[in-house]
Amino acid sequence: MRTKPRERAEQAAREKAAARGEDEDTTAQRVADAAAAAVPKPKAQRNFTDPESKIMKTSDGAFHQCFNGQAVVDEGHQVIVAAQVSDCAADVANLIPMTEQTTVNTGQVPGEVLADAGYCSAENLAQAATVSAACGTEFFIATGRSTHDAPIPVSPRGRIRKDATPRERMARKLTTTKGRAAYARRKVIVEPVFGQMATLQNATQLLLRGLDGARGEWLLLAACHNLRKLHGHIGVAGLTGLALA
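Computed from a predicted structure; not experimentally measured.

K.L.:
How would you summarise the overall build of the protein chain if you had to cite specific residues and measurements?
P.N.:
Tallying secondary structure elements over the protein chain gives 8 helices and 6 strands in all. Each helix (α) and strand (β) of the protein chain, taken in turn from the N terminus, gives the series α-α-β-β-β-β-α-β-α-β-α-α-α-α. Considering the protein chain as a whole, with its 245 residues, one finds that 29% of them fall into the buried category. Of the roughly 16,100 Å² of accessible surface on the protein chain, a fraction of 56% belongs to carbon and sulfur atoms.

Have a look at this one:
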């Protein structure tokens with residue numbers, strides 16, 4: 001059975017041989033030697049039920065075999081306007097793609113984007129600044145996690161230092177009166193949606209295997225959530241009118 005460590009070792013040996021300009025026989029021997037020497041690390045793990053899923057640390061502090069479900073929620077009606085699933089535990093790579101998907105799905109750029117500390121990185125802050133300059137979207141990204149009993153930060157006074165880093169600028173922005181008020185809204189916009197989906201749709205885990213299956217199931221769950229919101233907003237009569245239209 002071929003394993004990923006063996007495939008990686010063969011590829012690395014092949015590339016090194018090509019860089020040295022070695023002939024086919026020498027290359028083949030180096031590839032064979034590399035494959036024979038390649039062994040998985042003692043702590044390496046592979047899930048045979050769903051190899052595309054990954055071990056991730058979840059909110060309960062435990063490690064589970066998971067996919068990472070993403071959702072962007074609008075402020076007015078808690079409707080999911082963008083959704084995606086990845087096999088990476090870190091959220092950081094999703095900030096700009098999810099913002100762009102929101103624009104595509106709704107046909108308009110978001111006025112504000114609120115994101116927790118998992119989305120904060122130097123690259124994201126730089127890209128957020130670019131998006132803000134081009135489209136006017138204002139980003140409020142937490143630069144670190146704070147405890148529930150942490151004191152309320154004092155609003156800054158005076159101008160920020162010219163040599164302040166993007167992270168320092170964002171951290172200062174979130175301590176302003178406007179920044180605190182904007183970011184505080186996050187807990188009543190997106191967080192309740194995950195709770196509603198878990199309670200009303202039993203969306204505590206995905207049942208389909210593979211990344212494509214998980215993505216399809218997550219999008220279906222998001223669509224069902226949105227239909228519930230639509231029903232709550234316009235009622236049965238409104239839904240009937242939509243069907244006839």
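K.L.:
Just give me the short version of helix H4 (residues 122-135), but keep the residues and values in it.
P.N.:
Helix length check: H4 (14 residues) gives 20 Å between terminal C-alpha atoms against 20 Å at 1.5 Å per residue, within 8%. Taken from the residues just after H4, Gly136 is the one with a positive phi, measuring 90°.

K.L.:
Got a sec to walk through the nonpolar core? Specific residues and values, please.
P.N.:
The biggest cluster of nonpolar side chains holds 16 residues, and the ones touching the most others in it are Val73, Ile80, Val85, Met197 and Trp218. Secondary-structure elements contributing two or more residues to this core are strand E3 (68-73), strand E4 (80-86), helix H7 (191-200) and helix H8 (211-244). At 5 residues, H8 tops the list of elements feeding residues into this core. If sequence neighbours within four positions are ignored, Ile80 has contacts with Ala71, Val72, Val73, Val193, Met197, Ala222, His225 and Asn226.

K.L.:
So, unusual backbone geometry: which residues are in play, and what are the values?
P.N.:
The backbone of Gln78 sits at a positive phi, close to 55°, despite the residue not being glycine. Within the secondary structure, Gln78 is located in the loop between E3 and E4. Positioned with a positive phi, Asn202 is a non-glycine residue whose angle comes to about 55°. Topologically, Asn202 is positioned in the loop between H7 and H8.

Rules used throughout
Residues numbered from 1 in each chain as written. Predicted model: local features only at pLDDT ≥ 70, side-chain atom pairs only at ≥ 80, totals over all residues. Heavy atoms only, no water. Helix = DSSP H or I, 4+ residues; strand = E, 2+ residues; numbered from the N terminus. Buried < 20%, exposed > 50% of the residue type's maximum accessible area, 1.4 Å probe, protein only. Areas by Shrake-Rupley, 256 points an atom, 1.4 Å probe, with all protein chains shown as cover. Expected span 1.5 Å × (residues − 1). Core = buried A, V, L, I, M, F, W, Y, C linked by side-chain atoms within 4.5 Å. Contact = heavy atoms within 4.5 Å.

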